[in-house]
2 protein chains.
Amino acid sequence: MAEIRVIHWGLGAMGGGMVRLVAQKRGLRSVGAVAKTPQKVGRDLGEVTGLDRKLGVKVSGDVTEAVAAAGDDADLVLLSTASFTREVYPQIIEAIEAGLNVITIAEEMAYPSLREPQLARKIDELARKKGVTVLGTGINPGFILDLLIIALTGACLEVKRIRAARINDLSPFGPMVMKTQGVGTTPEEFKRGLENGTIVGHIGFPESMTMIAEAIGWELDRIEQEREPIISKVHRETPHVKVEPGMVAGCRHIGRGFMDGREVITLEHPQQVHPDLEGVETGDYIWVEGTPDLNFANKPEIPGGLGTIALAVNMIPAVMAAEPGLVTMADLPAPRAIMGDLSRAGGRR
Amino acid sequence: MAEIRVIHWGLGAMGGGMVRLVAQKRGLRSVGAVAKTPQKVGRDLGEVTGLDRKLGVKVSGDVTEAVAAAGDDADLVLLSTASFTREVYPQIIEAIEAGLNVITIAEEMAYPSLREPQLARKIDELARKKGVTVLGTGINPGFILDLLIIALTGACLEVKRIRAARINDLSPFGPMVMKTQGVGTTPEEFKRGLENGTIVGHIGFPESMTMIAEAIGWELDRIEQEREPIISKVHRETPHVKVEPGMVAGCRHIGRGFMDGREVITLEHPQQVHPDLEGVETGDYIWVEGTPDLNFANKPEIPGGLGTIALAVNMIPAVMAAEPGLVTMADLPAPRAIMGDLSRAGGRR
């Protein structure tokens with residue numbers, strides 16, 4: 001198997017991390033890049049993503065140019081530009097038209113047929129026609145609160161109810177994340193932020209719940225979501241935000257999936273700065289009520305940025321090997337770290 | 001999709017449990033059974049497996065008869081007769097020749113090409129020729145100490161070392177398990193039992209380690225195993241065995257995988273009766289040293305019998321959908337509980 005030739009579309013914190021990870025992996029090669037920031041266009045990809053060496057790949061302003069510069073034989077795009085299917089749809093279509101497989105970390109693309117069934121169908125049809133595969137992934141949605149839960153139920157005779165929580169620390173993140181999670185606001189500002197859409201909480205609960213339900217054969221008849229402020233009792237501070245007692249340290253986002261009127265899936269994602277200051281232990285928690293009961297915990301939580309970068313890159317071989325079409329994480333073999341030389345991998349299939 | 005028609009080969013504790021589970025699942029139907037115990041042959045399958053109803057399926061003494069009795073259109077065999085590839089090989093060949101897909105819980109079949117590369121190749125070739133799929137699975141090997149570890153590394157940029165432990169309680173098991181784990185022996189008897197092969201400990205560490213290594217692209221150059229007695233400090237007792245202080249309460253089995261002389265995979269499986277009496281907390285533990293580190297725990301452990309029964313039955317749809325040939329758990333989509341009606345499942349593929 002030859003090297004897999006990758007184009008990076010979107011060079012923010014996530015996309016840039018993927019460039020650095022691909023540079024470490026044998027059998028993967030970055031052959032093109034697309035950025036919208038004018039300061040990045042025209043420069044070397046290694047340079048703009050903080051690598052200590054040049055990659056010999058010039059950052060382009062659009063994908064057609066990047067594909068052509070890669071000699072028209074790139075294999076796959078890592079797409080890290082936005083969160084919603086509607087936003088990335090034209091980019092995915094452009095990539096498919098260019099004959100490229102697509103892995104995107106757009107949260108809604110973890111299960112796009114839920115909110116955008118028509119766009120999902122169009123992506124699926126075009127991907128099949130062009131013989132490429134399109135996958136949405138990331139730490140969450142894409143792994144901790146969906147695929148991992150699905151896999152764990154494989155050891156159960158029966159599942160009655162699923163509860164899971166991802167309790168994380170937002171302290172390392174920048175001003176944009178503070179804003180969308182409402183960190184540093186007053187309770188009144190938080191309420192207004194939710195109403196006017198500037199505070200969004202987590203994106204992906206309906207997608208995760210639907211992916212779980214479809215995989216195990218449940219039919220959800222209703223999904224509810226709640227977002228409430230995490231009011232701090234203590235002073236909390238990061239380089240980007242100060243939270244005084246009585247102010248908002250983060251957003252507790254809860255998703256609830258109902259079947260026959262009964263709450264069968266509950267996903268919780270309280271995101272805040274410095275949860276340690278109030279004795280909150282961060283971690284990923286999965287409880288399955290069934291036969292047998294399961295009680296999984298990973299402490300501390302898998303860091304979101306690293307996990308998302310890892311999953312996007314680690315899924316490349318599975319996407320390359322998959323049948324054409326639009327797929328979810330539940331359709332493909334389980335993810336796995338890439339530690340060997342992919343171009344030497346035998347593969348029995 | 002029509003119902004999936006299942007033949008049960010082997011009706012012991014595991015095989016019998018699979019019959020009872022299949023009876024609960026919509027879209028699966030038991031259409032045949034094979035037992036070697038003469039007292040079971042000729043009787044109704046529901047009756048001999050402790051169901052409260054007859055299944056209208058007569059237990060056969062051999063598979064040819066069972067296949068014919070099922071009207072020659074069975075889809076898959078659940079094979080629960082033995083632990084080693086060499087033992088189940090003729091049965092697997094017979095099933096493939098009859099056009100049946102095969103799921104077996106024979107431990108070595110989790111990764112049969114390790115110890116029986118020639119038999120594995122023959123199984124693979126014949127399965128491809130006949131258009132069927134053959135899978136080995138179970139709680140361990142097959143899930144906790146291999147597939148689950150593999151899946152978790154998917155969230156890692158890099159993996160340096162893997163350690164995992166499955167600390168379980170043997171108290172519910174019968175006299176056969178007590179014997180193969182050396183429970184109730186003196187330290188001297190334990191030593192002799194290891195030497196003469198009557199005490200075996202866990203079967204499957206080399207298979208699990210090789211499956212992990214292949215999946216993430218490591219090449220192990222050496223695998224070592226240790227089995228040592230767990231000497232009890234206290235009186236422990238089950239309906240089948242008594243352990244006095246100074247006697248053996250179980251077997252601590254350790255597997256070590258080396259790459260370039262460095263121990264990169266360590267799997268531990270201390271199996272004993274009543275670990276609680278000495279304050280040992282049972283559970284499934286996975287630690288990955290890498291970027292990031294992972295620290296998973298499931299307490300208490302997934303019960304081995306339930307988990308094995310569940311995985312064998314839950315993998316049926318994935319095996320039916322897979323490409324023909326011999327596969328491992330790492331080749332297929334992640335397992336998942338079957339809670340819906342499989343005969344109604346849409347499936348985009």
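Definitions and cut-offs
- All chains use their own residue numbering, which begins from 1 and follows the written sequence.
- In the order they appear in the text, chains get letters beginning with A and ligands get numbers beginning with 1.
- Owing to the predicted nature of the model, reporting of local features is limited to residues with pLDDT of at least 70; listing and counting of side-chain atom pairs is limited to 80 or more, with chain, interface and lining totals taken over all residues.
- The basis for the side-chain values is all heavy atoms of the structure; hydrogens and waters are excluded.
- Only strands that DSSP links by at least two bridges are regarded as paired with each other.
- Put simply, DSSP H or I for four residues or longer makes a helix, DSSP E for two residues or longer makes a strand, and each gets a number counted from the N terminus.
- By definition in these notes, contact holds between two residues if any of their heavy atoms fall within 4.5 Å.
- Working convention: axes come from line fits to C-alpha atoms, limited for helices to the stretch in contact. Angles between N-to-C directions cover 0 to 180 degrees.
- The copies were overlaid by least squares, fitting only the C-alpha atoms of residues that reach a pLDDT of 70 or more in each copy.
- To form a nonpolar core, buried Ala, Val, Leu, Ile, Met, Phe, Trp, Tyr and Cys residues must be joined to one another through side-chain atoms within 4.5 Å.
- The buried label goes to any residue with under 20% of its type's maximum accessible area, the exposed label to any with over 50%, and the partly exposed label to all in between, with areas taken from a 1.4 Å probe on protein chains only.
- Segmentation into domains, and thus their bounds, comes from an automatic or database assignment.
- Once two parts are brought into contact, the accessible area they lose, counted with a 1.4 Å probe and summed over both, makes up the buried area.
- When a carboxyl oxygen of Asp or Glu is within 4 Å of a side-chain nitrogen of Lys or Arg, the pair counts as a salt bridge.
- Two N or O atoms form a polar contact when they lie within 3.5 Å of each other; inside protein one atom must be a possible hydrogen donor and the other a possible acceptor, and for residues adjacent in sequence the pair counts only when both atoms belong to side chains.
- Under the scheme applied here, ten amino acids are nonpolar (Ala, Val, Leu, Ile, Met, Phe, Trp, Tyr, Cys and Pro), four are charged (Asp, Glu, Lys and Arg), and all others, including Gly, are polar.
- Convention used here: angles under 35 degrees read as roughly parallel, angles over 145 as roughly antiparallel, angles from 65 to 115 as roughly perpendicular, and any remaining angle as oblique.

Which residues make up the sheet that holds strand β6 (residues 133-136) of chain A, and what are the values?
All names here are of chain A. An order of β3-β2-β1-β4-β5-β6-β15 is seen for the 7 strands of this open sheet, with the pairing classed as parallel. At either end of the open sheet lies a strand with only one pairing partner, and these are β3 (59-60) and β15 (325-327). Here 3 bridges tie strand β5 (residues 101-104) to β6, and the two strands are oriented parallel to one another. By the bridge assignment, Thr104 is partnered in β6 with Gly136. On top of the sheet, helix α1 (residues 13-24) reaches β1 (4-9), β2 (28-34) and β4 (76-79); it is set at about 160° to β1, its chief contact.

Can you break down the relation of the copies chain B and chain A residue by residue, with the values?
Mapping chain B onto chain A is achieved by rotating through 180° and translating by 0.0 Å along the same axis, at an RMSD of 0.0 Å. Viewed as a symmetry operation, the transformation between the two copies matches a two-fold axis. Taking C-alpha positions as the reference, the residue of chain B nearest the rotation axis is Pro333(B), at 2.0 Å. Mapped onto chain A, 100% of the interface residues of chain B are again interface residues, and the two copies thus contact each other with one and the same surface.

Outline the nonpolar core, supporting the account with residue identities and numerical values.
Ranked by internal contacts, the top residues of the largest apolar core, which has 130 residues, are Leu78(A), Trp218(A), Leu78(B) and Trp218(B). Those residues in contact with Trp218(A) that sit more than four places away from it in its chain are Val159(A), Lys160(A), Arg161(A), Ile162(A), Ala213(A), Met259(A), Val264(A), Ile265(A) and Met339(B).

Now, about the domain arrangement of chain A: what can you tell me, with residues and values included?
Residues and elements named next belong to chain A. Domain boundaries in chain A define domain 1 (4-138 + 306-344) and domain 2 (147-301). Taking only C-alpha atoms into account, the centre of domain 1 sits 27 Å from that of domain 2. Listed as interface residues are 12 residues of domain 1 and, on the opposing side, 9 residues of domain 2. Of all residues in domain 1, Tyr111, Leu114 and Arg115 bury the most surface against domain 2, accounting for 46% of the area lost on that side. Where domain 1 touches domain 2, the interface holds 1 salt bridge. Among the salt bridges present, the one from Arg115 reaches Glu207, with a minimum N-O distance of 2.8 Å. In this structure, the connection of domain 1 to domain 2 is made through 2 residue pairs in polar contact (both at pLDDT 80 or more). Across the side of domain 1 that touches domain 2, the residue classes break down as 7 nonpolar, 2 polar and 3 charged.

Quick rundown of the interface of chain B and chain A? Include the residues and the values.
At the interface, 56 residues of chain B touch 56 residues of chain A. Together, the buried faces of chain B and chain A total about 4,700 Å²; carbon and sulfur atoms form 56% of this surface. Our enumeration of links across chain B and chain A arrives at 2 salt bridges. Among the ionic pairs, Arg344(B) bridges to Glu219(A), the shortest N-O distance being 3.6 Å. Put simply, chain B and chain A have 19 residue pairs in polar contact (both at pLDDT 80 or more) between them. Grouping the constituent residues of the side of chain B that touches chain A by class yields 35 nonpolar, 10 polar and 11 charged. With 3 bridges joining them, strand β14 (residues 294-298) of chain A and strand β14 (residues 294-298) of chain B adopt antiparallel strand pairing. For Phe296(A), the partnering residue across the bridge sits in β14(B) and is Asn298(B).

Outline the sheet that holds strand β11 (residues 248-259) of chain A, listing residues and values.
What holds strands together in a sheet is hydrogen bonding between their backbones, with the strands either parallel or antiparallel. Pairing is mixed across the open sheet formed by 12 strands, whose spatial order is β8(A)-β11(A)-β12(A)-β7(A)-β13(A)-β14(A)-β14(B)-β13(B)-β7(B)-β12(B)-β11(B)-β8(B). Since the sheet does not close on itself, it has two edges, and those belong to β8 (222-231) of chain A together with β8 (222-231) of chain B, each with one partner. On average, each strand axis in the sheet is tilted by 10° relative to the strand beside it, whichever way the strands run. Packing of helix α9 (residues 205-216) of chain B onto the sheet brings it into contact with β7 (158-169), β8, β11 (248-259) and β12 (262-272) of chain B, and relative to β12(B) it is tilted by some 145°.

Describe the pattern of salt bridges, listing the residues and the values that go with them.
Residues and elements named next belong to chain B. One pass over the full model with this rule turns up 36 salt bridges over all chains. For the salt bridge of Arg222 with Glu224, the shortest nitrogen-to-oxygen distance reads 2.9 Å. Taking relative accessible area as the criterion, Arg222 reaches 38% and is therefore assigned partly exposed. By relative accessible area, which is 31% here, Glu224 ends up partly exposed.

Explain the packing of helix α4 (residues 85-97) of chain A against helix α5 (residues 117-130) of chain A to me, and be specific about the residues and the numbers.
Residues and elements named next belong to chain A. Look at α4 against α5: their axes get within 10 Å of each other, and the N-to-C directions meet at 10°. Classified by the angle between their axes, α4 and α5 sit roughly parallel to one another. Side by side, α4 and α5 meet where Thr85, Arg86, Tyr89, Ile92, Ile93, Ile96 and Glu97 of the first sit next to Leu119, Lys122, Ile123, Leu126, Ala127 and Lys130 of the second. Among the residues making up the contact of α4 with α5, the classes are represented as 8 nonpolar, 1 polar and 4 charged.

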